[in-house]
Amino acid sequence: MEVLNLLGYYIKFPFVQNAFIAGVFIALCSSLLGVILVLKRFSYIGDGLSHVAFGGLAVATVLKITEYNLVIMPITVVAAILLLRFGTSEKVHGDSAIAMLAVVALAFGYLLMNVFSNSANISGDVCTTLFGSTSILTLSRMDVFVCVFMSLLTIALFVVFYNRIFAITFDEDFAKATGIHVARYQTMIAIMTGIIIVLAMNLVGSLLITALLVFPALTAMQVFKSFRGTLIYAAVISVFGALSGILLSIIASTPVGATIVLIYTVLFVIHVGIGKVRS
Amino acid sequence: MAYILGRELAVGYNGKPVAENLNFKVNRGDYLCIVGMNGAGKSTLMKTLLSLINPVGGELKIGDGLEPHEIGYLPQQSDTQRDFPATVWEVALSGTITRNRRLMYSKAQKAYVERRLKELNIYNLKNESYRSLSGGQQQRTLLARALSATSKVLLLDEPVSGLDPNAMQQLYTITDELNQKGITIIMVTHDMAAIEHATHVLHVNKNKHFFGTKDEYLKSSHYKMFCELEADDNRSGKEIA
Ligand SMILES: Nc1ncnc2c1ncn2[C@@H]1O[C@H](COP(=O)(O)OP(=O)(O)OP(=O)(O)O)[C@@H](O)[C@H]1O
Ligand SMILES: [Mg+2]
């Protein structure tokens, strides 16, 4: 009862409402993209791209651009396109391409911040970007609007191109052979991935983004046979985890990102159990 | 005019040929086996026929009412698919995508896939998960998908490798039946038994290729080479007659 009262008290604050709305929508679309990325063996792309976004943030800081998303967004999207479209060549394979890009971006970003930044609290800034500590609770209305808009766009694209996305994810060569413009859809998925990752950094920070992409997908795959079922259930799990994570973090005053990841882990373990019992 | 005509065709990657001077013809109703050593360029030729890559020389003509994307394809199983959550129905249905410009599957597409699944005796597995099927059942699912994409030409890349003898026999029975119904079959294979079913053989070999009817092939020096090659490959495997 006391908990509910506490919630009722907190929910009246606009910043809490913003956090909930943004959290739900980001969770929703990152889980959809996550299913594709996991199946395409790009599980670590979230991690890699968030490092790139961190590099972008460093650039924005040094250039003193306050609307830092204007810098981060394009850089991350370009990196996503490079990775997803060309990261499957023979010489540099997907995971190693991600690893290289991530490390380079991280080193470059940290170097920039160290050399040029006159902010006294570098480690504090870095920590915030890495773990997202409280930034979800400092979102502006505009941030929330962008999150909601991008999420709805992602969902709309998934619904409209569902069949094609399935075909390409299941078997790229076959899809190409039957005349689907695979490159076009891959680019579309890459752009969405880049954008969602930048948005998700606000929610859980760049170190924990992988959890947002990977856990709902893997959890759903434990219990669902069909692609459609997996997608829908991943979205449900993801939203549930994000909502309860934000709630819990407010009540227990724990870091939002870490709390969400913990809940995802518990859900995953439960579903592995369910999957084992069923088969 | 033939369905597929290769004249002095060279296939390869980035402008560099893997196999050159290929001359062959595939007519409607043919059953062509493509054989050759590992690395000879068979899969590369397949990719070229599917327009996944461009020829690096010579010409490849597609005609007699066959459109470039009307070639059904049975790939070798890939790793990604091993834990992919998808039902047999979802996989098979995805073959029909380009039959219809609309975004959702039509009733006609669904009915078509239903018939393919029934033909291949896997309609009862319709709602089963693809990853939980046996190798032979997975292959039938992919076959249903390929046949949902086209009813003209079917390309199979080493379809029997990894199958047990029983499933192997069933696959040959299915392809024979399809061929009798008028579907053209092109099969890359390392299995000598497949030659029995073919009408034509293309033997891809670095120095000298062979293309001709099965009877011509069985008399050729290329056939002897193939026998020795397979005998080597199968030394620890099954006995070769
Ligand atoms: N994507 C690629 N880029 C460059 N070279 C490639 C590529 N794929 C294969 N090759 C090379 O092309 C040659 C022919 O390969 P291909 O896969 O066509 O052989 P194959 O006849 O199918 O052999 P196998 O019987 O082992 O399947 C090989 O030497 C291989 O290294
Ligand atoms: Mg091959």
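To be clear, the structure that these remarks concern was listed above.
Along every chain, residues carry numbers that run from 1 in the direction the sequence is written. All chains are assigned letters beginning at A, and all ligands numbers beginning at 1, according to the order in which they are written. Where local features are concerned, this predicted model is filtered to residues with pLDDT of at least 70; where side-chain atom pairs are given and counted, the filter is 80 or more; whole-chain, interface and lining totals use all residues. Neither water nor hydrogens contribute to the side-chain values; these are computed over all heavy atoms in the structure.

Things to note about the overall build of chain B
Regarding its fold elements, chain B presents eight helices and nine strands. Here the globule rule reads 2.2 Å times residues to the power 0.38, and the radius of gyration is calculated from C-alpha atoms. Since a compact globule built from 241 residues should have a radius of gyration of about 18 Å, the 18 Å found for chain B is in line with a globular shape. With the principal axes as the frame, chain B shows a C-alpha extent of 50 × 40 × 35 Å. Looking at the 241 residues of chain B, the share that counts as buried comes to 53%. For accessible areas, the Shrake-Rupley method is used with a probe of radius 1.4 Å. Any residue's cover is judged against the shown protein chains and nothing else. With an accessible surface of roughly 11,400 Å², chain B has 47% of that area assigned to carbon and sulfur atoms. By the counting scheme adopted, Arg and Lys are positive, Glu and Asp are negative, and His together with the chain ends is not counted. Charge positions come from single atoms, namely NZ of Lys, CZ of Arg, CG of Asp or CD of Glu. Side-chain charges in chain B split into 29 positive and 27 negative, and the spacing between the mean points of these groups amounts to 7 Å. Put simply, DSSP H or I for four residues or longer makes a helix, DSSP E for two residues or longer makes a strand, and each gets a number counted from the N terminus. Only protein chains enter the area calculation, which uses a 1.4 Å probe; residues under 20% of their type maximum are buried, those over 50% are exposed, and those in between are partly exposed.

Side note on the overall build of chain A
When you go through chain A residue by residue, the secondary structure sums to 13 helices and zero strands. For chain A, the N- to C-terminal ordering of α and β elements is α-α-α-α-α-α-α-α-α-α-α-α-α. Taken across its 279 residues, chain A has 52% of its residues classed as buried. When the accessible area of chain A is evaluated, it comes to approximately 12,600 Å², of which 73% is carbon and sulfur surface.

Brief notes about the interface of chain A and chain B
Quoted interface sizes are often the accessible area lost when the parts come together. Taken together, the contact between chain A and chain B spans 27 residues of the former and 34 residues of the latter. Summed over both partners, the interface of chain A with chain B buries about 2,800 Å², with 62% contributed by carbon and sulfur atoms. Summed over both partners, the accessible area lost on bringing two parts together, with a 1.4 Å probe, is the buried area. For chain A, the biggest contributors to the area lost against chain B are A:Phe170, A:Phe174 and A:Lys225; these three give 28% of the whole. Only one rule defines a salt bridge in this text: a Lys or Arg side-chain nitrogen within 4 Å of an Asp or Glu carboxyl oxygen. Across the chain A-chain B interface, the total number found is three salt bridges. Put simply, A:Asp171 and B:Arg145 hold a salt bridge, and the shortest N to O gap is 2.8 Å. Under the rule applied, a polar contact is a pair of N or O atoms within 3.5 Å (in protein, one hydrogen donor and one hydrogen acceptor; residues adjacent in sequence only if both atoms are side-chain atoms). Remark: the boundary between chain A and chain B carries 12 residue pairs in polar contact (both at pLDDT 80 or more). Broken down by secondary-structure element, the contributors of at least two residues to the side of chain A that touches chain B are α7 (141-160), α8 (162-170), α9 (172-177) and α12 (227-252) of chain A. In terms of residues, the side of chain A that touches chain B owes the most to one element, α8(A), which gives seven residues. Throughout, a residue-residue contact means that at least one pair of heavy atoms, one from each residue, lies within 4.5 Å.

Let's talk about the pattern of salt bridges
The final tally for this structure, using the stated rule, is 10 salt bridges over all chains. Among the ionic pairs, A:Lys40 bridges to A:Glu172, the shortest N-O distance being 3.3 Å. Of this pair, A:Lys40 sits in the loop between α2 (14-39) and α3 (45-62) while A:Glu172 sits in helix α9, and the two are 132 residues apart along the sequence. Classification of A:Glu172 as partly exposed rests on a relative accessible area of 23%. The partner of B:Glu128 in a salt bridge is A:Lys225, with the nearest N and O atoms 3.8 Å apart. In this pair, B:Glu128 is assigned in the loop between α3 (107-119) and α4 (135-149) and A:Lys225 in the loop between α11 (209-223) and α12, connecting two distinct chains. Look at B:Glu128 and you get partly exposed, because its relative accessible area is 31%. On the accessibility criterion, A:Lys225 (39% relative accessible area) is partly exposed.

Some details on the packing of α11(A) against α12(A)
Two measures define how a pair of helices packs: the angle their axes make with one another and the distance between the axes. Residue and element names in this part refer to chain A. Running from amino to carboxyl end, α11 crosses α12 at an angle of 130°, the nearest separation of the two axes being 8 Å. The pairing of α11 with α12 is recorded here as oblique in orientation. In the packing of α11 onto α12, the handedness of the crossing is right-handed. Here α11 contributes Pro216, Ala217, Thr219, Ala220, Met221 and Val223 to the contact with α12, which in turn contributes Thr230, Tyr233, Ala234, Ile237 and Ser238. When residues are grouped by polarity, Ala, Val, Leu, Ile, Met, Phe, Trp, Tyr, Cys and Pro land in nonpolar, Asp, Glu, Lys and Arg in charged, and all others, Gly among them, in polar. Across the contact of α11 with α12, the residue classes break down as eight nonpolar, three polar and no charged. Angles here are taken between N-to-C directions and fall from 0 to 180 degrees, while the axes themselves are lines fitted to C-alpha atoms, restricted in helices to the stretch in contact. In this scheme, roughly parallel covers angles under 35 degrees and roughly antiparallel covers those over 145, while 65 to 115 is roughly perpendicular and the rest are oblique. Handedness of each helix crossing follows the sense of rotation of the near helix against the far helix: counterclockwise by less than a right angle gives left-handed, clockwise gives right-handed.

Quick notes on the pairing of strand β8 (residues 200-204) of chain B
On a regular strand, each side chain points to the face opposite its neighbour's, so the side chains alternate between the two faces of the sheet. Residues and elements named next belong to chain B. With five of five residues buried, β8 lies mostly within the body of the structure. Residues His200, Leu202 and Val204 line one face of β8 and the alternating positions Val201 and His203 line the opposite face, and both faces are buried. Alignment of strand β3 (residues 31-36) against β8, held across five bridges, turns out to be parallel. Bridged to leucine 32 within β8 is histidine 200. In this description, strands pair whenever DSSP reports at least two bridges between them. Of the strand pairs in this sheet, β8 and strand β9 (residues 210-213) are connected by four bridges, and their pairing is antiparallel. When the bridges of β9 are listed, histidine 200 appears paired with threonine 213. Hairpin connection from β8 to β9: five residues lie between these consecutive antiparallel strands.

Considering the packing of α11(A) against helix α13 (residues 256-278) of chain A
All names here are of chain A. As a packed pair, α11 and α13 sit with axes 8 Å apart at the nearest point and diverge in direction by 15°. The pairing of α11 with α13 is recorded here as roughly parallel in orientation. Here the hand of the crossing between α11 and α13 comes out left-handed. Residue-level inspection shows Ala211, Leu212, Phe215, Pro216, Leu218, Thr219, Gln222 and Val223 of α11 in contact with α13, the latter providing Ile260, Val261, Tyr264, Thr265, Leu267, Phe268, His271, Val272, Ile274, Gly275 and Arg278. Residues belonging to the contact of α11 with α13 are distributed by class as follows: 13 nonpolar, five polar and one charged.

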